[in-house]
Amino acid sequence: MIVGSANNTLSVLEHSALFPGLDETQLKSVAQEMQLQTFSSGETLYKEGDQASYLFLITSGSVDVFKRVDAENPTSENVKLITLGAGEYVGESMVSNLPINATIIASQDNTSTLRLEHDKFSALLKQHPSLMESLLKGLSHQLRTFRTVLTSTLAKRPSVIAPTATSTVAKVIQVAVFDFMKHEKVSFESAVANLQDSLPDDTQVQVRYFEPKLDASTARLAAGCQVVCIFVNDTASAEVLTLLKTMGVQLLALRCAGFDMVDLKAAKALDIDVARVPAYSPYAVAEFAAALAMGLNRKIVPASLRVHQGNFSLAGLVGFDFHGKTVGVIGTGKIGQCFIKIMLGFGCKVVCYDAYPSKEVATWENVSYVTLDELYAQSRIISLHAPLLPETKHMINAESLAKMQKGVVLINTSRGGLVHTQSLIDALKRGHVSAAGLDVYENEKSLFFEDHSLTIMEDDSYVRLMSFPNVIVTGHQAFLTEEALEKIGSVTMENIRQRCVDGKRGKELENVVL
């Protein structure tokens, strides 16, 4: 750490948004009190809980902002939230004499800052009362930007429940729904209306629908909302969650069961509750997985295409009986259990694997838990129903595929990241995998739920997959039934009720992820 004077301090302040509206004399007064302080990479500016004694204006380099996952435990793991660069500042809580609520660490060598001491700042305030007003303007600049964007956007999007002239509303629950699609409209708006009908007369829910996915560039649309509602391909990274927290978001409501798109450690550190829909319709997904397996085995797609073209040849359309075959099921949660029952109905023997085996499933006739290697070796059909976690990412790879029977049929209706796509392509080319049914794809975020029919497909792996006649790819639609959509809407509204009306937090929430 190097401390010294800065010759260009006045110039830096003039171009900074920290003190807007000050004249040259006032800027000189501030500049005279600031010192240059340079930090090496890894050097700490502040630790979480420190009393703010300096305001740091970053002039070059960058700093990382970390926060404890468990704010009450000083030894808790830290999670990185965001990186700040030139022109941004830390230590503004010095103004209100509050402790620093995050750990700030230089992330580049020679990170340069202008440092203003608390005592000198207090003296400046006495000399120049307008300085406080100017500083507050600088600190609220981003919030005003959020409001401007939100106002212009929402002017085109009326709330689902509009206030009436005669209503006396004491509490408004504002919800921002991202990645909202046409097929959700009827069921979701019905669920919102049902929630509103059940609320006290002085409480109102207002929902804003946005087609864009949630990410760092769209997070500002949630300004003023207590709840942000997202789907499978939204991004709730530490950076995004930090932005949402600054705008007052209290609950991240997932319209799905999976939560791999959420940085849970960051959410906990920021005190944002995360709730999901754990089981909207396990039958829907399990039945779709069975349909993929049956369709691939009996060559339904190529057979139908032939008939449409007047070709009634049966060459190359030979399948096999499911009856008597061994089916491997990876993941025996609610969806996996439904799929097992379907396979038992076909007369199959089922072997399964789960990190946390079900005692009930273990008692079922013709069903047994085995190791993954045993499952790979024994199964003619393998269906994936496991969550995407660090330990399950790319669990289907070159090594695991090599352990499977030649001619295995692979089905994935869970998460695309479970399968290493290039390894699957290689196994399909060799004929080791005879067919693959994929309702999910590891790079689906840039493809699924959008119309790309008139654009050049740049994803070479996807294009290669689609070139195989023995591969079916669908656009993450296994869940898509009337019953599932109704369940997603009703459970999401119940999650919002528990957090925003009943005041439940953390583990008090029925469907909490954290």
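See the structure printed just above.
This structure is a prediction, so every number in the text was calculated from the model and none was measured.

Moving on, we get to empty space enclosed by the protein. Scanning all chains against the criterion turns up two cavities of 30 Å³ or more. Looking at the largest cavity, its volume works out to about 60 Å³. For the lining of the largest cavity, the secondary-structure elements that each account for two or more residues are α6 (185-198) and α17 (482-500). Top contributing element to the lining of the largest cavity by residue count: α17, with three residues. Split into classes, the residues belonging to the lining of the largest cavity amount to five nonpolar, three polar and one charged. Approximately 50 Å³ is the volume found for the second largest cavity. Along its surface, the second largest cavity is lined by N412, G416, V419, T421, L424, L438, V440, Y441, E442 and L465. When the residues that make up the lining of the second largest cavity are grouped by side-chain class, the tally is six nonpolar, three polar and one charged.

Turning our attention to the packing of aromatic side chains. Taken as a whole, this structure holds twelve aromatic pairs when the rule is applied. Between F188 and Y209, the aromatic rings sit 6.1 Å apart at their centres with planes inclined by 75 degrees, giving edge-to-face as the arrangement. Of this pair, F188 sits in helix α6 while Y209 sits in strand β11 (residues 203-209), and the two are 21 residues apart along the sequence. Taking the relative accessible area as the measure of exposure, F188 reaches 3% and is therefore buried. For the ring pair Y441 and Y462, a centre distance of 6.0 Å and an interplane angle of 55 degrees mean the geometry is tilted. Residue Y441 is found in the loop between β20 (433-438) and α16 (460-466), and its partner Y462 is found in helix α16; the two are separated by 21 residues along the sequence. The two residues Y441 and Y462 agree in class, both being buried. Through pairs of rings, three or more aromatic residues link up here, namely F39, Y46, Y54 and F56. The aromatic ring of F320 is capped on one face by R380, whose charged end is 4.0 Å from the ring centroid.

Cut-off values and rules
Residues numbered from 1 in each chain as written. Predicted model: local features only at pLDDT ≥ 70, side-chain atom pairs only at ≥ 80, totals over all residues. Heavy atoms only, no water. 1 Å grid on protein atoms, 1.4 Å probe; cavity = no way out; pocket = protein on both sides within 12 Å on 5 of 7 lines; lining within 4 Å. Points joined across faces, edges and corners; volume = space filled by probe spheres on them. Helix = DSSP H or I, 4+ residues; strand = E, 2+ residues; numbered from the N terminus. Nonpolar A, V, L, I, M, F, W, Y, C, P; charged D, E, K, R; others polar. Phe/Tyr/Trp six-rings, centres within 6.5 Å; stacked < 30°, edge-to-face > 60°. Buried < 20%, exposed > 50% of the residue type's maximum accessible area, 1.4 Å probe, protein only. Lys NZ or Arg CZ within 6 Å of the ring centre and 35° of its normal.

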